[in-house]
Amino acid sequence: MPDVRAAIIPVTPFQQNCTLLWCEKTKKAAVVDPGGDLDRIRQAIAQSGVSVEKILLTHGHIDHAGGAADLRDELGVPVEGPHEADRFLLDHLEETGRGYGIPARPVTPDRWLNEGDTVTLGDLTLDVLHCPGHSPGSVVLVSKAERFALVGDVLFQGSVGRTDLPGGDGKALIRSIKDKLLPLGDDIAFICGHGPMSTLGQERQTNPFLQGEELL
Ligand SMILES: [Zn+2]
Ligand SMILES: [Zn+2]
């Protein structure tokens, strides 16, 4: 039985939850969404004593992907995700970063992710859900065995991702959450891109953006 562990490292002026995720049995790890502040990420890797095997990206926004190219060069590991619909964001990270004062380089993932794909990490298997809306290429990674998900900026505790950025689509976002995430089950705990963790059950019952049917 794999045992999933995670350490959250807030990075960039956006306080993005870069997550060091690992399989406790094998100590194999992934850095999820290294938006920047690589010093802090390096420190967390050293403290945890894990071996980083890959970088995972939930979507192409600067606060999530800005440091991915540098970290890939440094660690010599592949980048997996997001869905290719976010290619336009990853191609322009340098210009976008300049606007926010975040040093960044463009990155082309070694593997784009599609609905139904799986990502492995030691003995851990993560299922890929393509969840457009916040960005067109956003993906959610779910361990059904461990009842755990990484949702990026799709869903937050008490809120949902913004949809006013290029490629955003409010109706698609709510459909992604209601059709793909909520059916996974109330007991799924998730780490999101910003703010505290929550569960799908808590959000189904209390998140103001998910009440009522009118948005469908
Ligand atoms: Zn985002
Ligand atoms: Zn974000």
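For every chain, the first residue of the written sequence is number 1, and numbering continues from 1 onward in sequence order. For this description, chains carry letters from A and ligands carry numbers from 1, given in the order in which they are written. Two thresholds apply to this predicted model, a pLDDT of at least 70 for residue-level local features and 80 or more for giving and counting side-chain atom pairs, whereas whole-chain, interface and lining totals are computed over all residues.

Under an unreviewed UniProt entry, the name given to the protein is Glyoxylase-like metal-dependent hydrolase (Beta-lactamase superfamily II), and the organism recorded is Microvirga flocculans. UniProt positions are given in the numbering used here, feature names are shortened, and annotations may be inferred rather than shown by experiment. Within the UniProt record for the protein, the comment given under Cofactor (unreviewed entry) is "Zn(2+)".

Draft legend 1. A look at the nonpolar core. Among buried residues, those of type Ala, Val, Leu, Ile, Met, Phe, Trp, Tyr and Cys that are joined through C-beta atoms within 7 Å form a set called a nonpolar core. Between the buried cut of 20 or more and the exposed cut of 12 or fewer other C-beta atoms within 10 Å of a residue's own C-beta lies the partly exposed class, and all C-beta atoms are placed from the backbone. Judged by nonpolar contacts, the single largest core of 56 residues is most densely connected at Val140, Leu141 and Ala149. With five residues, strand β2 (residues 16-23) is the single largest residue contributor to this core. Here a helix means four or more residues in a row that DSSP labels H or I, a strand means two or more in a row labelled E, and each is numbered from the N terminus.

Draft legend 2. Representation of the sheet that holds strand β9 (residues 148-152) within the structure. The six strands are arranged β6-β7-β8-β9-β12-β13 in an open sheet whose pairing can be described as mixed. Of all the strands in the sheet, just β6 (118-121) and β13 (198-199) have a single pairing partner and so form its edges. Strand pairing requires that DSSP identify at least two bridges connecting the strands. In terms of strand pairing, strand β7 (residues 124-130) meets strand β8 (residues 139-143) through four bridges, oriented antiparallel. Bridge pairing in β8 links Val128 to Leu141.

Draft legend 3. Expanded view of helix α3 (residues 68-75). Buried residues of α3: Ala68, Ala69, Leu71 and Arg72, and no others. Buried residues in α3, looked at end-on, bunch into an arc of 165°, giving them a common side. C-beta atoms are first placed from the backbone for all residues, and any pair lying within 7 Å is then listed as a contact. Looking at the buried side of α3, the elements it contacts are β3 (28-32), α1 (38-48), β4 (51-56), α2 (62-65) and β5 (79-80). Remark: Gly76 follows α3 within two positions and exhibits a positive phi of approximately 65°. Read the arc as the range of directions from the helix axis to the C-beta atoms.

Draft legend 4. Broad picture of the environment of Val77. As for its position among the elements, Val77 is in the loop between α3 and β5. The class of Val77 is partly exposed, set by 18 C-beta atoms lying within 10 Å. With 33 residues separating them in the primary sequence, Val77 and Asp110 have C-alpha atoms 9.4 Å apart.

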